[in-house]
Amino acid sequence: MSSISLTRFLIEEERAGHVNPDLRLLIEVVARACKSISVAVGKGALGGVLGDVIASGAASINVQGEAQKKLDVLSNEILLEANAWGGHLAACASEEMDHSQPIPDAFPRGAYLLLFDPLDGSSNIDVNVSVGTIFSVLRCPEGVEQAGDEHFLQPGREQVAAGYCIYGPSTMLVLTIGHGTHAFTLDREQGSFVLTQKGMRVPEETKEFAINVSNQRHWEAPMQRYVSDLLAGKEGPRGKDFNMRWIASMVADVHRILTRGGIFIYPWDRKDPGKAGKLRLMYEANPMAMLVEQAGGAASNGRERIMDIAPSQLHQRVPVFLGSKKEVAEATRYHLEHDANP
Ligand code: P6P
């Protein structure tokens with residue numbers, strides 16, 4: 001059977017009325033940028049871009065006081081440059097990016113707003129673990145010449161497209177334009193993404209959970225009870241044994257869940273009570289939630305659907321429970337029951 005490239009897939013989706021030329025171009029621009037990032041990531045130490053950004057003798061520190069990895073900054077620049085000539089309104093790079101580098105304000109007016117986390121999981125780069133680029137696409141409100149933060153503040157259900165590119169043993173682009181979730185594998189010889197999984201489906205039930213258990217003592221009560229019951233296995237209230245995975249790279253953990261099911265959780269914790277969670281709503285939780293829901297899964301913040309959350313800040317954080325629909329519902333039930341009977 002002849003292979004279907006991303007370009008051909010998008011043309012067929014356009015013929016089906018699922019995507020218009022503007023959005024098709026934007027997705028192609030992002031995919032092209034991801035190919036460049038894949039080359040840079042794939043070089044590893046040979047590319048001279050591992051380690052922290054060394055600026056004026058000290059590692060560059062981002063707005064959160066975290067050392068920025070050179071590849072983070074390079075990936076951000078690749079996406080911004082691609083977006084510039086892609087003719088779409090400003091991308092909103094993740095807060096981790098050094099905002100002292102002003103995003104070029106010469107972006108021409110476009111129909112869409114692009115948000116992205118250029119290299120999520122970048123702390124794994126130096127230990128050669130899969131990392132990824134996450135992106136989300138929203139419509140730009142009519143008549144806006146230069147998008148401001150306020151134009152990006154739309155709930156996740158308004159996304160017209162979402163995806164990630166995972167830089168692992170193979171580079172894969174996983175994409176939804178609202179008609180299923182599909183995976184494309186980069187054919188390095190041809191230099192194009194080829195459709196390898198059409199219509200990914202997340203099994204409704206699972207025996208596998210992903211969470212950083214070292215934070216357990218900082219979780220709220222329903223979260224403690226939920227995970228304790230998972231760990232109790234078939235002797236416990238869940239009546240079955242569970243397996244655990246935690247790669248500490250959201251793209252890699254979510255890709256596993258899209259491929260074989262599971263539940264991914266990054267809950268609120270008391271480590272930093274002022275933060276609503278670790279993961280960002282606009283360019284981590286929302287795009288992943290759209291991909292997972294389009295694959296038959298679910299995504300909640302422990303109490304409500306992630307894609308119904310009305311954002312108040314561009315870089316706001318949110319607790320994340322996503323994956324197998326029945327397991328997300330079970331985790332959410334623990335929280336709602338606790339709220340009803342604290
Ligand atoms: P922890 C990576 O830094 C990230 O934002 C996600 O990709 C990942 O799921 C999470 O943080 C890992 O967090 O606390 O386990 O290091």
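Reading the values: the criteria
- Residues numbered from 1 in each chain as written.
- Predicted model: local features only at pLDDT ≥ 70, side-chain atom pairs only at ≥ 80, totals over all residues.
- Heavy atoms only, no water.
- UniProt positions renumbered as here; feature names shortened; annotations may be inferred.
- Helix = DSSP H or I, 4+ residues; strand = E, 2+ residues; numbered from the N terminus.
- Buried < 20%, exposed > 50% of the residue type's maximum accessible area, 1.4 Å probe, protein only.
- Contact = heavy atoms within 4.5 Å.
- Polar contact = N/O pair within 3.5 Å; in protein donor to acceptor, adjacent residues only side chain to side chain.
- Phe/Tyr/Trp six-rings, centres within 6.5 Å; stacked < 30°, edge-to-face > 60°.
- Pairing = 2+ DSSP bridges.
- Axes fitted to C-alpha atoms, helices over the stretch in contact; angles between N-to-C directions.
- Domains from an automatic or database assignment.
- Buried area = accessible area lost by both parts, 1.4 Å probe.
- Salt bridge = Lys/Arg side-chain N within 4 Å of Asp/Glu carboxyl O.
- Nonpolar A, V, L, I, M, F, W, Y, C, P; charged D, E, K, R; others polar.
- Core = buried A, V, L, I, M, F, W, Y, C linked by side-chain atoms within 4.5 Å.

- You'll find the protein chain entered in an unreviewed UniProt entry as Fructose-1,6-bisphosphatase class 1, with Luteimonas gilva given as the organism.
- Check the Subunit (unreviewed entry) section of the UniProt entry for the protein chain; it says "Homotetramer."
- The record in UniProt for the protein chain states the following under Pathway (unreviewed entry): "Carbohydrate biosynthesis."

### Side note on the UniProt feature "binding site: Mg(2+) 2" (unreviewed entry) in the protein chain
1) Next: As recorded in UniProt, the feature "binding site: Mg(2+) 2" (unreviewed entry) lies at Asp117, Asp120 and Glu284. For the annotated residues, spread through 168 residues, the largest C-alpha to C-alpha distance comes to 8.5 Å, consistent with a single compact locus.
2) Next: Following the sequence through the fold, Asp120 ends up in strand E4 (residues 112-120).
3) Next: Note on Asp120: relative accessible area 6%, which makes it buried.
4) Next: Those residues in contact with Asp120, other than ones at most four positions away along the chain, are Val131, Gly132, Ile134, Ser249, Met250, Val251 and Glu284.
5) Next: Inspection of the secondary structure puts Glu284 in helix H7 (residues 281-294).
6) Next: Not counting residues up to four positions away in its chain, the partners in contact with Glu284 are Asp117, Asp120, Ile134, Met250 and Leu279.
7) Next: A polar contact is formed between the side chain of Glu284 and the backbone nitrogen of Arg280, at a distance of 2.7 Å.

### Let's talk about the side chain of Asn286
1) Next: Of note, Asn286 is situated in helix H7.
2) Next: When its relative accessible area of 2% is taken as the criterion, Asn286 is described as buried.
3) Next: Beyond its immediate chain neighbours, meaning those up to four positions away, Asn286 contacts Gln154, Pro155, Gly156, Gln159, Leu281, Ile306 and Met307.

### Structural notes on the packing of aromatic side chains
1) Next: Per the counting criterion, the structure on display carries five aromatic pairs.
2) Next: Pairing Phe9 with Phe184 gives two aromatic rings, centres 5.1 Å apart and planes at 70 degrees, and the pair type is edge-to-face. Pair noted here: Phe9 is in helix H1 (residues 6-15) and Phe184 is in strand E8 (residues 181-187), with a separation of 175 residues, a long-range link.
3) Next: Both rings, one in Tyr226 and one in Tyr334, keep their centres 5.2 Å apart while their planes meet at 75 degrees; by these two values the pair is edge-to-face. On the criterion of sequence distance, the pair formed by Tyr226 in helix H5 (residues 221-232) and Tyr334 in helix H8 (residues 325-340) is long-range, its members being 108 residues apart.
4) Next: Aromatic rings pair up to connect Trp246, Phe264 and Tyr266 into one cluster.

### Description of the sheet that holds strand E11 (residues 243-244)
1) Next: Across the sheet, five strands lie side by side as E11-E10-E12-E16-E14; this open sheet has mixed pairing. What marks the edges here is a single partner per strand, and that holds for E11 and strand E14 (298-300).
2) Next: With two bridges joining them, strand E10 (residues 208-210) and E11 adopt parallel strand pairing. Its bridge partner lying in E11, Phe209 is registered against Met244.
3) Next: Lying on the sheet, H5 is in contact with E10, strand E12 (263-266) and strand E16 (320-323); it crosses E12 at an angle near 145 degrees.
4) Next: Lying on the sheet, helix H6 (residues 250-260) is in contact with E10, E12 and E16; it crosses E16 at an angle near 35 degrees.

### What to know about the domain arrangement of the protein chain
1) Next: When its domains are assigned, the protein chain resolves into domain 1 (6-199) and domain 2 (208-340).
2) Next: Listed as interface residues are 45 residues of domain 1 and, on the opposing side, 31 residues of domain 2.
3) Next: Carbon and sulfur atoms make up 63% of the area that domain 1 and domain 2 hide from each other, which totals about 2,800 Å².
4) Next: The three residues of domain 1 that bury the most area against domain 2 are Ile134, Leu153 and Tyr164, which together make up 20% of that side's buried surface.
5) Next: Scanning the region where domain 1 abuts domain 2 turns up one salt bridge.
6) Next: Asp308 serves as the salt-bridge partner of Arg157, at 3.1 Å between the closest nitrogen and oxygen.
7) Next: Linking domain 1 with domain 2 are eleven residue pairs in polar contact (both at pLDDT 80 or more), by the criterion used here.
8) Next: Those elements giving two or more residues to the side of domain 1 that touches domain 2 turn out to be strand E3 (89-93), E4, strand E5 (131-139), helix H4 (149-152), strand E6 (161-167) and strand E7 (171-176).
9) Next: Looking at side-chain class alone, the side of domain 1 that touches domain 2 contains 22 nonpolar, 17 polar and six charged residues.

### Side note on the nonpolar core
1) Next: In terms of nonpolar packing, the biggest core is built from 44 residues, with Tyr164, Leu258, Phe264, Met288, Val320 and Leu322 touching the most fellow members.
2) Next: Of all elements in the fold, only E4, E5, E6, E7, H6, E12, H7 and E16 reach the threshold of two or more residues within this core.
3) Next: Looking at which element gives the most residues to this core, the answer is H7, with nine residues.
4) Next: Both domains that meet at this core, namely domain 1 (6-199) and domain 2 (208-340), each give it at least three residues.
5) Next: Counting residues in hydrophobic clusters, the runner-up holds 40 residues, among them Phe9, Ile37, Phe116 and Ile177.

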